[in-house]
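Here is how the chains run, residue by residue.
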Amino acid sequence: MSGRERFLSACRYQPVDRPPVWMMRQAGRYLPEYRALKTEHSFLEMVRSPALSTEVTMQPIRRYGFDAAIIFSDILVVPEALGQGYGFRESKGVDMQFAVRSSADLQKLSAEGADERLDYVYGALASTKKELRGAQALIGFGGSPWTLAAYMVEGGSSGDGSIIRAMAARGDAVLEQLLSMLSGVLAKYFRRQIDAGADAIQIFDSWAAWCDDYERWSLRWVREVIAELKPEVPVIFFARGRNREAAALASTGARVLSLDWATPLSEVRRALGPGIALQGNLDPACLEEDPASAAAAARRVLDDMAGQSGHIFNLGHGIRPAARPESVGAVVDTVQNYRHEQSRSAAG
Ligand code: CP3
C-alpha cells in the first residue's frame, strides 16, 4: 500500500494496514536543510517560486517518508492576492500592510484576477505532484474565511482578536461582505488546487476560538466553500480549540476533522460515531523532548485509537522551530511500525 493510498483510504474511513502519518508544518524551521535554504532566500521568495516550494515540500518527505506531503505555502497568500500584502515582524508574528475595517478599506481589495495572481501555488502543486510519483498524497490548503478575515481586520497577528470579535458582536456589514468575498475566492482557489493535482484540501480555522457565534461567522462560510468542491476530494477541517463541537464541525461536509490535543481522539469518536475520519492529535511540545519520550507520547495517541478505522496520525497544531529532528523521526518510526509491534505482541 503506498502512502497515498493509505492516506486516502483513511480519509474515506476504509481499512488500512496502519494509520497514515504526516505533520502540520512538516516543512519549516526545525529542519537544518530548510534553514540552509533560508540563508539564500526569504520565506516569501520560496513560497512564490514553484521550484523552491517543491524543494521545501520534498525535504521532510525524503527525510522521514511521511504518507502525505503538504504543499509549502502560506494561508496569507490569499489576502495578498486580493491586494493586502504582508510581512513578518522582527519578533514573532505577521503584519498586514493595512487593516480592513471600513467600506473604503474593502474598496482597496480586488477579487477579480486574484486567481491568476495565485498561479505560482498551482505551479508548485503541479511540480510537486510530478516529483512524488504517486507515492505520497499531496495536500493543498488555505485558511478559513473567518481566520483570514481575522488577520485582515486585525492588521496582522493579534493577541486576542478583539477587533474582529467586536465587529462580529455588532453584526458588522463590512465583516459580512469580507467573509462573502473570501468564500468565493477560496472556492475557486481550492478548485484550482485540485485541478493542479491536490489529492485533499485542508482548511485551517486557526482562530476558531475567537468566534462566539461560530455557526454564523465561520461554519456557514466553510460549508459554502466545501459545497463548491468535488465530493470525491476529501476536505480536512482544522478548527483549533473546538474539539468539543465535533458534530457541528462535521456539518460543514468535511470528511476529516483535524483535532487539537485538548481531548483524546477516542472521546471525540464516541461523541461523533463512525464514518468521519479524525486527524491528530499529538501535542507538538512532545517533539521538543528526547526521542524516547516523544515516541511514548505518540504511542499513547495510537493506543487511544487502536483498531479503529479513520485515524490519520498528526499533531494537534504545527511543528515548532524548537522541535528536535531526531524526535520527529522517533514519532514517525513509532507510527510506521505500529501494526507490526501489535501483531508481534499478539503472537506472544
Ligand atoms: O504545514 C506545512 O508544512 C505547509 C506549510 C504551511 C506554512 N504555513 C508554512 C510556514 C502551512 C500549512 C501554513 C499555514 C498557516 N500560515 C497558518 C495556519 C496554521 C496555523 O499555524 O495555525 C497561519 C496562521 C499562517 C500564517 C503564518 N505564517 C504565521 C502566523 C507564521 C509564523 C510567524 C512567526 O513569526 O512565527 C507564518 C510563517 C510560516 N509559515 C513558516 C512556515 C514554514 C515559518 C517561516 C520561517 O520563518 O521560515
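Heads up: the structure comes first, above all this text.
Quantities reported herein were computed from a predicted structural model and do not represent experimental measurements.

A.B. asks: Go over the packing of aromatic side chains with me, naming the residues and quoting the values.
C.D. replies: Counted by the stated rule, this structure contains 10 aromatic pairs. Ring geometry for phenylalanine 43 against phenylalanine 88: centres 5.1 Å apart, planes inclined by 85 degrees, an arrangement best described as edge-to-face. One end of the pair, phenylalanine 43, is in helix H3 (residues 43-48); the other, phenylalanine 88, is in strand S2 (residues 86-88), and 45 residues separate them in sequence. The cationic tip of arginine 220 hangs over the ring face of tryptophan 221; the distance from NZ or CZ to the ring centre is 3.9 Å. Directly above the ring of tyrosine 214 sits arginine 242, whose terminal nitrogen or CZ lies 4.0 Å from the centroid.

A.B. asks: Let's hear about the site of the ligand: which residues, and what values?
C.D. replies: The immediate surroundings of the ligand are formed by 24 residues, with Arg25, Tyr34, Asp74, Ser206 and His317 found nearest. The separation between an oxygen atom of the ligand and a polar main-chain atom of alanine 27 is 3.2 Å. At 2.7 Å from an oxygen atom of the ligand is found a side-chain nitrogen or oxygen belonging to histidine 317. Look at the ligand: alone it shows 900 Å² of surface, and the protein chains cover 92% of it. Split into classes, the residues belonging to the shell around the ligand amount to 13 nonpolar, six polar and five charged.

A.B. asks: Any chance you could break down a positive patch on the surface for me, citing the residues and the numbers?
C.D. replies: On the surface, Arg25, Arg29, Lys38 and Lys92 cluster together to form a positively charged patch. Turning to its location among the elements, arginine 25 is positioned in the loop between helix H1 (3-11) and helix H2 (32-38).

A.B. asks: Outline the sheet that holds strand S7 (residues 256-258), supporting the account with residue identities and numerical values.
C.D. replies: With parallel pairing, the seven strands of this open sheet are ordered in space as S1-S4-S5-S6-S7-S8-S9. Edge strands, defined here as strands with exactly one partner in the open sheet, are strand S1 (68-70) and strand S9 (311-315). Geometrically, the sheet is characterised by an average inter-axis angle of 25 degrees between neighbouring strands, direction not taken into account. In terms of strand pairing, S1 meets strand S4 (residues 137-143) through three bridges, oriented parallel. Among the inter-strand pairings, alanine 68 is bridged to a residue of S4, identified as alanine 137.

A.B. asks: An account of the side chain of arginine 6 is needed here, citing residue identities and associated values.
C.D. replies: Take arginine 6: it is sitting in helix H1. At 2.8 Å, the side chain of arginine 6 forms a polar contact with the side chain of aspartate 17. Apart from the residues within four sequence positions on either side, arginine 6 is in contact with Met1, Val16, Asp17, Arg18, Pro19, Pro20 and Asp67.

A.B. asks: Which residues make up the pairing of S4, and what values do they have?
C.D. replies: The buried fraction of S4 is high, at seven of seven residues. Side chains Ala137, Ile139, Phe141 and Gly143 of S4 all project onto a buried face; the interleaved residues Leu138, Gly140 and Gly142 project onto the opposite face, where all are buried too.

A.B. asks: Break down the packing of helix H8 (residues 119-132) against helix H11 (residues 173-195) for me, with residues and values.
C.D. replies: Two elements in contact, H8 and H11, have axes whose closest approach is 9 Å; the angle formed by their N-to-C orientations is 30 degrees. Looking at the two axes, H8 sits roughly parallel to H11. Taken as a pair, H8 and H11 cross one another with a handedness that is right-handed. Here Asp119, Val121, Tyr122 and Leu125 of H8 lie close against H11, whose contacting residues are Tyr189, Arg192 and Gln193. Of the residues assigned to the contact of H8 with H11, the class counts are four nonpolar, one polar and two charged.

A.B. asks: Can you lay out helix H12 (residues 214-227) for me, pointing to particular residues and giving the numbers?
C.D. replies: When the terminal C-alpha atoms of H12 are compared, their 18 Å separation across 14 residues agrees well with the 20 Å that a helix rising 1.5 Å per residue should span. By the largest-angle criterion, arginine 220 marks the main kink of H12, which is about 25 degrees. Within H12, the full set of buried residues consists of Tyr214, Trp217, Ser218, Leu219, Trp221, Val222, Val225 and Ile226.

A.B. asks: Mind laying out the pattern of salt bridges, listing which residues take part and the relevant values?
C.D. replies: Counted by the stated rule, this structure contains 24 salt bridges. The partner of arginine 48 in a salt bridge is glutamate 80, with the nearest N and O atoms 2.6 Å apart. On the criterion of sequence distance, the pair formed by arginine 48 in helix H3 and glutamate 80 in helix H5 (residues 77-82) is long-range, its members being 32 residues apart. Residue classification places glutamate 80 among the partly exposed residues on the basis of a relative accessible area of 22%. Notably, a salt bridge pairs glutamate 176 with arginine 216, separated by 3.2 Å at the nearest N-O pair. Within this pair, whereas glutamate 176 is found in helix H11, its partner arginine 216 is found in helix H12, the two being separated by 40 residues in sequence. Each member of the salt-bridge network shares a partner with another, and the members are Arg6, Asp17, Arg18 and Asp67.

How each quantity is defined
Sequence order as written defines the numbering, with residues in each chain counted from 1. For a predicted model such as this one, the threshold for reporting local features is a pLDDT of at least 70, and the threshold for listing and counting side-chain atom pairs is 80 or more; totals across whole chains, interfaces and linings nevertheless cover every residue. Hydrogens are left out, water is left out, and the side-chain values use all remaining heavy atoms of the structure. Only Phe, Tyr and Trp rings are paired, with Trp represented by its six-membered ring, and only when their centres lie within 6.5 Å; those with planes under 30 degrees apart are stacked, over 60 edge-to-face, the remainder tilted. Where helices and strands are cited, they refer to DSSP runs of H or I of at least four residues and of E of at least two residues respectively, numbered from the N terminus. Think of it as a cone above the ring: NZ of Lys or CZ of Arg counts as a charge over the ring if it is within 6 Å of the ring centre and within 35 degrees of the ring normal. If a single non-hydrogen atom of a residue is within 4 Å of a molecule or strand, that residue counts as near it. Side-chain atoms alone can form a polar contact between residues adjacent in sequence; in general such a contact is a pair of N or O atoms within 3.5 Å, and within protein one must be able to donate a hydrogen while the other accepts it. Only the protein chains shown count as cover for residues, and the accessible areas themselves come from Shrake-Rupley with a 1.4 Å probe. Nonpolar residues are Ala, Val, Leu, Ile, Met, Phe, Trp, Tyr, Cys and Pro. Charged residues are Asp, Glu, Lys and Arg, and all others, Gly as well, are polar. Exposure above 30% relative accessible area and no salt bridge define the residues that can form patches, which grow by joining like charges within 9 Å and nonpolar side chains of Val, Leu, Ile, Met, Phe, Trp and Tyr within 5 Å. By definition, a salt bridge exists where a carboxyl oxygen of Asp or Glu is found within 4 Å of a side-chain nitrogen of Lys or Arg. Two residue types count as positive, namely Lys and Arg, and two as negative, namely Asp and Glu; His and chain ends fall outside the count. Taken as the charge centre is NZ of Lys, CZ of Arg, CG of Asp or CD of Glu, depending on the residue. We call two strands paired when DSSP finds no fewer than two bridges between them. Structural elements are reduced to axes, namely lines fitted to C-alpha atoms, with helices fitted over the stretch in contact, and the angle between N-to-C directions of any two is expressed from 0 to 180 degrees. Should any heavy atoms of two residues lie within 4.5 Å, those residues are considered in contact. Any residue under 20% of the maximum accessible area for its type is buried, any over 50% is exposed, and the rest in between are partly exposed; the area is computed with a 1.4 Å probe on protein chains only. Angle categories: roughly parallel below 35 degrees, roughly antiparallel above 145, roughly perpendicular from 65 to 115, and oblique for all the rest. Helix crossings are classified by the rotation of the near helix relative to the far one: an anticlockwise turn of less than a right angle makes the crossing left-handed, while a clockwise turn makes it right-handed. One less than the residue count of a helix, multiplied by 1.5 Å, gives the span that helix is expected to have. Axes are fitted to the seven residues ending at a residue and to the seven starting at it; the angle between these axes is taken as the bend at that residue.

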